[in-house]
Amino acid sequence: MRVNEKYSTLPAEDRSVHIINICAIEDIGYLPSEGTLLNSLSVDPDAKCKYGLYFRDGKRKVDYVLVYHHKRPSGSRTLARRSQSQDSRLSARSGRQDQPLPGLGSPEGADGPESPQDFHEDDKRFRRAEYEGNLLEAGLELECDEDTKIHGVGFVKIHAPWNVLCREAEFLKLKMPTKKLYRMNEARGLLKKINSVVQKITAPIQPRVAEHRPQSVKRLFYAFSREKQHLFDLSDKDSFFDSKTRSTIVYEILKRTTCTKAKYSMGQGEGRKKDSALLSKRRKCGKYGITSLLANGVYLAAYPLHDGDYRGENVEFNDRKLLYEEWASYRVFYKYQPIDLVRKYFGEKIGLYFAWLGVYTQMLIPASVVGVIVFLYGCATVDDNIPSKEMCDQSQNITMCPLCDKTCSYWKMSSACATARASHLFDNPATVFFSIFMALWAATFMEHWKRKQMRLNYRWDLTSFEEEEEAVKGHPRAEYEARVLQKSLRKESKDKKKHRNAPEESTNKWKQRVKTAMAGVKLTDKVKLTWKDRFPAYLINLVSIIFMIAVTFAIVLGVIIYRISTAAALAMNSSPSVRSNIRVTVTATAVIINLVVIILLDEVYGCIARWLTKIEVPKTEKNFEERLIFKAFLLKFVNSYTPIFYVAFFKGRFVGRPGDYVYIFQSFRMEECAPGGCLMELCIQLSIIMLGKQLIQNNLFEIGIPKMKKLIRSLRLRQQSPSDEHAKREQRYEVDFTLEPFAGLTPEYMEMIIQFGFVTLFVASFPLAPLFALLNNIIEIRLDAKKFITELRRPVAVRAKDIGIWYNILRGVGKLAVIINAFVISFTSDFIPRLVYLYMYSKNGTMHGFVNHTLSSFNVSDFQEGTAPNDPLDLGYEVHICRYKDYREPPWSEHKYDISKDFWAVLAARLAFVIVFQNLVMFMSDFVDWVIPDIPKDISQQVHKEKVLMVELFMREEQGKQQLLDTWMERDSAKDEPLNNHSPRAGLASPEHHTGAV
């Protein structure tokens, strides 16, 4: 393994063998033999460093890895480039910043002009040299490895020594454990017995993890300070800063460390002047850290290492292996998650996501139970439902009007018997109760999560953590800095043109001092992007979002036309079975088309939302994430729910009546709802889209696509690697490089929020939605866990005390769910028409005659020309009057086919129900918010206790310092007394001396 001379800190005798000899052999051109030489020097040279987890000395742990692309040198050009590279790296290490640009000082006659690609690679190499030199000046220790199994890829291993960790922990205000232990408040009496019984019952479903066990003693945490190191538990310095904290500290240094190298031009003259101006500007900017270097391709990747392998017989036990066994395995699907260990390994932000997902899944259990009970109630009462009985009664001989023009004929209402009976399973009085229950469930879930979040904040010592502390670390994004740089250059060029012909002013020393002082100010602090700079991006965002929403509506309209035309085509079929199942066939196929379109557009809209956010150029990563979430949620919400909204609130509302139907493009007649209403079709639409998204998009894509990418990447790297390197064991950083980069938690939250919408928004039409969501989430938790452990690179730990903007989105969806369910019950189902008939029109107080009451009559002689059925005798008899579902006057009335009074009575009842239901449920939800406190009482007591203990700890320290100071002063005064007694001046000045003289 070739180690660069700059990074090595091995003893001199080892370095003379491992480095000088290998470099000499490399210069001759026998590169493949260097691995053979190392193997001959040691039996297993990588065992000491635990296969990449430590430096080659086996003592310093690898905290972070930088990956870059390099070309293996050969020939005379190699020697020249190596000498240049080593000189630049040594100069970077010695702290010289004013280096000449690459190519200015190199001998030109050595090898002739180089290609543009070579200049580009040299520029990247010089940037890396300067950046790594700055990292060394920041106190980090580096070690380079270019002799790897991955051809053309080099790795820079980074280690943070103890003094750097202490310095950065104090700067970042990281809370670390002190020596002070205190006993937590425990339940007493009956509550203690209940807790013990619950612990015994839930013991089999608890993970076998030490961090998950209940603890009665807790350490006091305090922001780290180097002046108060004696307060902290430093018994084991190696484990005082865990791997998550170490990688976070290193990442902050990588972001803060600057690289001011500018791209140099291949030309001469004016090009050189422009590049020097660009270089000076970038030096003033001073913010080109690791994010910019990654964006410009100077480094391929940057990531912390996993703790080791997660499976294998001889694998050393580590947190990753423990998480794989107790969290990421499908065998433990019934157990609680080891959230504390997840937080320890991945950080607070990811820990909060999985904690939220666990709470959401737990809360789905009671919702699923109640939903199943509502569904079983519908199954038990279906035979007693009078309206469905009347629809299935063939003796009534109700003839319905055709469903389409010409090709469709008259049909018997009894043929829709199955649909009517199935509708009762979801459209019954229990559905209203379930809608109210789910609204209260959503409010309870939000309150329960807030309390759980506070408990986690206390357990993870985040109670005093504020977002303002994170703002200190809020570095501007590389794209923002680049735009600011372009703006400043344009402004400077304009100023030069204005003052080109102006007479030069006399030099003012005071102005020169101000300019010199301002040169040290960051460019991003002096120049900022205003709304005028972003106005074109805002305009593009607005137009693009409107266009995407219009595309979604157009696709839904296309599916509607498909349904209408397919229904007309199937009506011409000679088979009676096909004609009898037209509605089910059309609905099922249309929903499948909607599902495919939704899945495809979800991926497209995700990419478009990211692109729209990029052109806005948000300043910080937090702003970028929030804007991306808003756009992606808006587009995906419209995409997922538009077909469902159409069936729930628009289908069958604007049909018209026989003889005066509404047509799309003057050709396609609008669809009608079934005699039992559109609720059953809404149920089919919701169930297929929800289950399809969960099975295909959430699970299949999450399993298949990462595995496929990993396979393709490993095959590509294996083809690029030389054949003799396959026998070597891969180092930890090589294995992690083949994993998929972590892309953030936005996709994970997004799929759960969309599912939360399916569970709450239209739950009145599908009471089994919570059950299917519960089954999906049980798999989803383990699937996401396995993906984080086995398929993704280890993300950098991020501190957070809540789930951010997602909580506000959840609250908004919960409020919207109350309104939508009120309209679904009122307008989509037949619940309100049944109540109106029962209390206003029923003669005997029962539902007998309800179906006939909801149907209007039409005289077939009033059909428009060309719209009457081609086969009017399809039923075997001539039809004079057909029925259709609407509240209209009969043909023998004076105002035939006008809207009747019954319609207005039902509409008034529906609107009244919406108002009463919405306000009642909103009041009950707010009451639940008010009754349940956000902060549990025991947690508030513990937080107050911690503050008191912290004050006592510092008071004792001050008292100890004061006592020690008093003791020193007493000792000094005791030493001074004998000296004063034997002093001649003191003797002369004493009264006794004067008395004796007298």
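Just so it is clear, the structure is predicted and the values come from calculations on it, not from any experiment. (Residues numbered from 1 in each chain as written. Predicted model: local features only at pLDDT ≥ 70, side-chain atom pairs only at ≥ 80, totals over all residues. Heavy atoms only, no water.)

Observations regarding the environment of valine 217
Here is step 1: Counting through the fold element by element, valine 217 comes out in strand β5 (residues 217-223).
Here is step 2: Placed 35 residues apart in sequence, valine 217 and tyrosine 182 show a C-alpha to C-alpha distance of 5.7 Å.
Here is step 3: Other than its neighbours up to four places away in sequence, valine 217 contacts Leu181, Tyr182, Arg183 and Met184. (Helix = DSSP H or I, 4+ residues; strand = E, 2+ residues; numbered from the N terminus. Contact = heavy atoms within 4.5 Å.)

As for the side chain of glutamate 168
Here is step 1: Position of glutamate 168 relative to the elements: it lies in helix α5 (residues 162-171).
Here is step 2: On the accessibility criterion, glutamate 168 (2% relative accessible area) is buried.
Here is step 3: A polar contact of 3.1 Å, which involves the side chain of glutamate 168, links it to the side chain of arginine 167.
Here is step 4: In contact with glutamate 168, not counting residues within four places along its chain, are Ile249, Ile253 and Arg256. (Buried < 20%, exposed > 50% of the residue type's maximum accessible area, 1.4 Å probe, protein only. Polar contact = N/O pair within 3.5 Å; in protein donor to acceptor, adjacent residues only side chain to side chain.)

What about helix α18 (residues 478-498)?
Here is step 1: Between its first and last C-alpha, α18 extends 30 Å over 21 residues, near the 30 Å set by a 1.5 Å rise per residue.
Here is step 2: Residues of α18 that are buried include every one of Ala478, Tyr480, Glu481, Val484, Leu485 and Ser488, and no others. Buried residues of α18 fall within an arc of 150° about the axis and therefore sit on the same side. Across from the buried face of α18, at angles greater than 90 degrees, the exposed residues are Lys494, Lys497 and Lys498. (Expected span 1.5 Å × (residues − 1). Arc of directions from axis to C-beta.)

Notes on the UniProt feature "transmembrane region" (unreviewed entry) in the chain
Here is step 1: In the UniProt entry, the feature "transmembrane region" (unreviewed entry) is given for residues 353-377, 430-449, 538-564, 584-608, 628-649 and 752-779.
Here is step 2: The annotated region residues 628-649 carries 100% helix and 0% strand content, and the separation between its end C-alpha atoms amounts to 30 Å.
Here is step 3: Between the end C-alpha atoms of residues 752-779 there is a gap of 13 Å, over a span that is 71% helix and 0% strand. (UniProt positions renumbered as here; feature names shortened; annotations may be inferred.)

Considering the sheet that holds strand β2 (residues 141-145)
Here is step 1: With respect to topology, 4 strands assemble into an open sheet ordered β2-β3-β1-β6, the strand pairing being antiparallel. Every other strand in the sheet has two partners, leaving β2 and β6 (301-303) as the edge strands with one partner each. In this sheet, neighbouring strand axes are inclined to one another by 20° on average, regardless of whether the strands run parallel or antiparallel.
Here is step 2: Sheet topology places β2 next to strand β3 (residues 153-159); 5 bridges connect them, and they run antiparallel. Residue glutamate 143 lies in a different strand from β3, and its bridge partner there is lysine 157.
Here is step 3: Lying over the sheet, helix α8 (residues 243-256) contacts β1 (64-69) and β3, oriented at roughly 50° with respect to β1. (Pairing = 2+ DSSP bridges. Axes fitted to C-alpha atoms, helices over the stretch in contact; angles between N-to-C directions.)

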